[in-house]
Amino acid sequence: MKGNHLAVSLAGLKLANPTMLASGILGYSAETLENIVEGGAGAVVTKSVGLKPRVGYANPTVVQAECGLINAMGLPNPGIDEFVKEIHRLKKVLSVPLIVSVYGFSEEEYAKVSKKAVDAGADALELNVSCPHVKETGSEIGQDPAVLSKVVRKVKSAVDKPVFVKLSPNVTSITEIAKAAAKAGADALTAINTVKAMAIDTETTLPILSNKTGGLSGAAIKPIAVRCVYEIYESVKVPIIGCGGVTTWQDAVEFMLAGATAVQIGTAIATEGACVFGEITRGIEAYLKKKGFRSVNDFVGLSHRR
Ligand code: RRO
């Protein structure tokens, strides 16, 4: 990767370019994730996996909103023991770092699942402490600095791979949470998970999602996510991964100017397809040349001069 001016180093992981698949968008299968790598992703994050299998919520689980999607899938996943088999398969075929997204209902569960994922070959973990609509996990953990610290410490003591922490925007002060995660040992912070939202059907007069509320993703939340990245960059030293509405190379550059070392792409795959990663990377490359930067690292955080 020497001489690649698009390459980034993220908490020790080497990415050929700063685009990553966001957690939760696509399934767990090797074929699906391989397709994303062929589309140009520099790394992939799996859907969140827990200790036991979960079926998730009943349909409808996704609804189209203005400039985005509202989802309440309810953490459907096969459980870590089943998913370990898929991690083995993924490690054989993927040419980019594999980051496993982990959730739990206690710090012990986070640590157990994390250890099993790392033992199976995960290159890093992303702790989901920010799902906005499943009780006793997700944002119920990530909204409380003391609880979050315990989870991060427990996972850090259980594994020897980088631990990313995905933060919720549904908090009063994201910098307070970011500081707690960093102090507890987080190697990188992903900002942000979805914004708590809902939609109501005017015909039936009822909430559309079976869970009533869900998480808003896509272009609608990009300005919120950029603000979060900007604030986190000013308050902690750990690398930040921008996530929320990245659709074009301009979006990716905006997040990087705010302070993100890399960006995750999710909802845009539904409209643009897997080629969105390559398109964004080519756009970043043209921007580099036009602006006379030697590498992408030259403009990370550059907006903070004023
Ligand atoms: O599965 C979900 O419903 C879900 C998760 Br785990 C998450 O982290 N964020 C989200 O919007 N949905």
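This text follows the structure it describes.
Bear in mind the structure is a predicted one, so any value in this text is a computation, not a measurement. (Residues numbered from 1 in each chain as written. Predicted model: local features only at pLDDT ≥ 70, side-chain atom pairs only at ≥ 80, totals over all residues. Heavy atoms only, no water.)

### Section: the packing of aromatic side chains
The criterion, for reference: Any two of the Phe, Tyr and Trp rings considered here, Trp counted by its six-membered ring, make a pair once their centres fall within 6.5 Å; the pair's planes then place it as stacked at under 30 degrees, edge-to-face at over 60, or tilted in between. Only protein chains enter the accessibility calculation, which uses a 1.4 Å probe; a residue is then buried when its area is under 20% of its type maximum, exposed when over 50%, and partly exposed in between. The numbering of helices and of strands both runs from the N terminus, where a helix is a DSSP run of H or I of at least 4 residues and a strand a run of E of at least 2.
Overall, the coordinates contain 5 aromatic pairs when judged by the stated rule. With a centroid separation of 5.9 Å and 90 degrees between ring planes, the pair formed by Tyr103 and Phe105 is classed as edge-to-face. Note on Tyr103: relative accessible area 2%, which makes it buried. We classify Phe105 as partly exposed; its relative accessible area is 34%. With a centroid separation of 5.7 Å and 40 degrees between ring planes, the pair formed by Trp249 and Tyr287 is classed as tilted. Of the two residues, Trp249 sits in helix 8 (residues 249–258) while Tyr287 sits in helix 10 (residues 276–291), which places them 38 residues apart along the sequence. Chaining the aromatic ring pairs together yields one cluster made of Trp249, Tyr287, Phe293 and Phe299.

### Digging into the sheet that holds strand 7 (residues 98–102)
The criterion, for reference: Paired strands, as defined in this entry, are two strands with at least two bridges between them according to DSSP. Angular values range over 0 to 180 degrees, each being the angle between N-to-C directions of two axes fitted as lines to C-alpha atoms, with helices fitted over their stretch in contact. Residue contacts follow a heavy-atom distance rule, with two residues in contact if any of their heavy atoms lie within 4.5 Å.
The 8 strands are arranged 3-4-7-8-9-10-13-14 in a closed barrel whose pairing can be described as parallel. On average, adjacent strands in this sheet sit at an angle of 25 degrees to one another, irrespective of strand direction. Sheet contacts for helix 8: strand 13 (240–243) and strand 14 (260–265); angle to strand 14, the most-contacted strand, approximately 145 degrees.

### Quick notes on the sheet that holds strand 11 (residues 195–198)
One open sheet holds the 4 strands; their spatial order is 5-6-12-11, and the pairing between them is antiparallel. With one partner strand each, in any of the chains shown, strand 5 (62–65) and strand 11 form the two edges of the open sheet. With strand direction ignored, the average angle separating the axes of adjacent strands in the sheet is 40 degrees. Bridge analysis of strand 6 (residues 68–71) against strand 12 (residues 213–217) gives 3 bridges, and the strand direction is antiparallel. From the neighbouring strand, Leu69 faces strand 12, where its bridge partner is Ser217.

### Things to note about the nonpolar core
How we decide: As used here, the term nonpolar core means buried Ala, Val, Leu, Ile, Met, Phe, Trp, Tyr and Cys residues forming a set that is joined through side-chain atoms within 4.5 Å.
Membership of the largest hydrophobic core comes to 103 residues, with the highest contact counts inside it found for Met20, Val100, Leu127, Val165 and Leu189. Among the elements that line this core, the one with the most residues is helix 10, at 6 residues. Beyond its immediate chain neighbours, meaning those up to four positions away, Leu127 contacts Val102, Tyr110, Ser114, Val151, Val152, Val155, Val163, Phe164, Val165 and Lys166.

### Here we look at the state of the cysteines
To be explicit about the condition: Two cysteine sulfurs form a disulfide in these notes if their separation is within 2.5 Å.
Under the counting rule described, the total for this entry stands at 0 disulfides. Here Cys275 is not disulfide-linked; the sulfur of Cys243 is the nearest cysteine sulfur, at 19 Å. For Cys275, a relative accessible area of 37% corresponds to the partly exposed category.

### Re helix 6 (residues 174–183)
Within the sequence span of helix 6, burial applies to Ile174, Thr175, Ile177, Ala178, Ala180 and Ala181. A positive backbone phi angle near 115 degrees is found at Gly185, which sits one or two residues after helix 6.

### Quick notes on the side chain of Asp123
Just so we agree on the cut-off: Residues adjacent in sequence count toward polar contacts only when both atoms are side-chain atoms; beyond that, a polar contact is any pair of N or O atoms within 3.5 Å, and within protein one must be able to donate a hydrogen and the other to accept it.
Position of Asp123 relative to the elements: it lies in the loop between helix 3 (107–120) and strand 8 (124–128). Given the relative accessible area of 17%, Asp123 is considered buried. Engagement of the side chain of Asp123 in a polar contact is seen with the side chain of Lys91, the distance being 2.9 Å. Polar side-chain contacts of Asp123 include one of 2.8 Å to the backbone nitrogen of Leu98. Every residue in contact with Asp123, bar those within four places of it in the chain, is listed here: Leu13, Lys91, Val96, Pro97, Leu98, Lys161 and Pro162.

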